[in-house]
Amino acid sequence: MSNIERTVEIPHLGGSTVGCAFARPYDPALPTLVLINSYTTSAELYRPQFADPALGSAANLLALEPYGHGRTRASYQHFTYWDSAVANLQALEALGIREAFVLGTSQGGWVAVRMALLAPDAVKGLIPLGTSMDFESPRSRDLGCWDGIGFNTPIVDAFADPVGEDWVVPDQFVDAVFDAALGGISGEEREFWLAVYRANYAGDAGRHRLRLSTVNLRDRDGLHGRLDEVRCPVLWLHGTADQVYSVANAEEEIRMFTRAPEARLETIEGGQHFLSASNPAEVDSAAIEFVKRWV
């Protein structure tokens with residue numbers, strides 16, 4: 001994806017390695033836009049953004065992979081989304097980047113908000129994509145969001161037992177993720193992601209990371225009681241064809257950022273859950289405008 005893929009060593013969780021990738025060599029004269037990937041994907045989710053010369057000219061693009069994803073590893077065996085937020089902040093510090101805008105897809109959105117809560121001076125603005133600020137609650141299901149407990153519990157149960165080192169993530173799991181997230185993908189794209197998942201989730205350690213990532217998705221804490229403490233601008237982008245989290249939910253939650261200088265929801269017609277992948281042109285142009293406005 002990038003000629004500038006690397007890892008960064010940080011102290012969190014007993015010492016961690018954070019997978020990261022720059023779209024091009026870091027330019028201190030430009031603002032930085034951090035990109036946080038969605039459930040079980042990796043930095044490769046943002047290939048369209050890395051390939052966009054206009055977005056790359058407006059900001060340094062830095063993809064950071066959460067715990068349980070890509071090349072990120074920890075000495076401790078358990079982690080939460082709060083840990084991923086801390087890790088991202090420590091990675092920025094290790095890279096010498098004092099402040100950044102943060103864009104996150106689905107789970108990346110709530111990691112981004114956690115970063116803004118933990119380090120308000122470091123996060124200049126938030127761009128959540130196709131996300132929810134709630135836990136997997138009855139309220140969210142009443143507003144048309146998916147049954148996250150029903151989707152994730154069979155996965156948690158299926159991946160509970162240790163496996164051999166020849167184990168790789170089943171193809172049907174990858175298909176289920178992309179069916180929900182993008183309404184399915186082309187054969188070529190499917191082969192690409194199957195290879196990525198097989199590399200990232202292999203052996204018993206891969207099985208364990210995948211299971212913990214699913215536990216986090218199902219059992220996470222909600223952020224409703226904290227959103228009024230976000231002090232940076234928020235641009236929430238949401239696709240009208242999102243099968244996981246509804247526009248109605250986003251309409252309610254964007255109003256909870258009561259102390260942000262601006263909190264705005266923009267819907268993208270026909271956009272899917274992994275919005276940066278389904279509608280990169282719209283996402284990229286909105287991100288450029290947002291960063292230039294608030295830099």
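Summary of the structure given here. Numbers given for residues are sequential positions, taken from 1 along each chain in its written order. Local features in this predicted model are restricted to residues of pLDDT 70 or higher, and side-chain atom pairs are both shown and tallied only at a pLDDT of 80 or more, whereas totals for entire chains, interfaces and linings draw on every residue. Think of the side-chain values as coming from all heavy atoms in the structure, minus any hydrogens and water.

1. Brief notes about the pairing of strand S2 (residues 16-22)
Heads up, the condition is: Burial status follows relative accessibility: with a 1.4 Å probe on protein chains alone, a residue under 20% of its type maximum counts as buried, one over 50% as exposed, and anything between as partly exposed. Elements are defined by DSSP. Helices are runs of H or I of four residues or more, strands are runs of E of two residues or more, and each kind is numbered from the N terminus. Any two strands with at least two DSSP-identified bridges between them are counted as paired.
Within S2, six of the seven residues are buried, leaving the element largely enclosed by the surrounding structure. Taking the residues that link successive antiparallel strands as the turn, the strand S1 (residues 4-10)-S2 hairpin has five residues, and the phi of Leu13 there is positive, at about 55 degrees. Here S2 runs beside strand S5 (residues 73-74); their pairing, made up of two bridges, is antiparallel. Considered in S5, the bridge of Thr17 is made with Arg73. As paired elements, S2 and strand S4 (residues 60-64) share three bridges and run antiparallel to each other. Pairing of Phe22 across the sheet is with Leu62, part of S4.

2. Considerations on empty space enclosed by the protein
Left-over empty space is what a probe sized like a water molecule reveals as it rolls over the atoms. The line we're drawing: Only protein atoms enter the calculation, which uses a 1 Å grid: trapped sets of points that fit a 1.4 Å probe without letting it out are cavities, open sets showing protein on both sides within 12 Å along at least five of seven lines are pockets, and any residue with an atom within 4 Å of a point is a lining residue. Grid points are joined across faces, edges and corners, and a volume is the space filled by probe spheres set on the points. Think of it as three bins: nonpolar holds Ala, Val, Leu, Ile, Met, Phe, Trp, Tyr, Cys and Pro, charged holds Asp, Glu, Lys and Arg, and polar takes everything else, Gly as well.
Applying the stated rule across the entire model yields two cavities of 30 Å³ or more. Here the largest cavity defines a volume of roughly 130 Å³. Lining the largest cavity are 13 residues, with Tyr39, Trp146, Val244, His273 and Phe274 positioned closest to its centre. Ranked by residues supplied to the lining of the largest cavity, first place goes to helix H7 (residues 171-182) with three residues. A class-by-class count of the residues in the lining of the largest cavity yields 11 nonpolar, two polar and no charged. Reported here for the second largest cavity is a volume of approximately 40 Å³. Lining the second largest cavity are Pro66, Tyr67, His69, Phe79, Tyr81, Ser84, Gln107, Ser213 and Asn216. Where the lining of the second largest cavity is concerned, the elements lending two or more residues are helix H3 (81-94) and helix H9 (203-219). Considering only residue class, the lining of the second largest cavity consists of four nonpolar, five polar and no charged.

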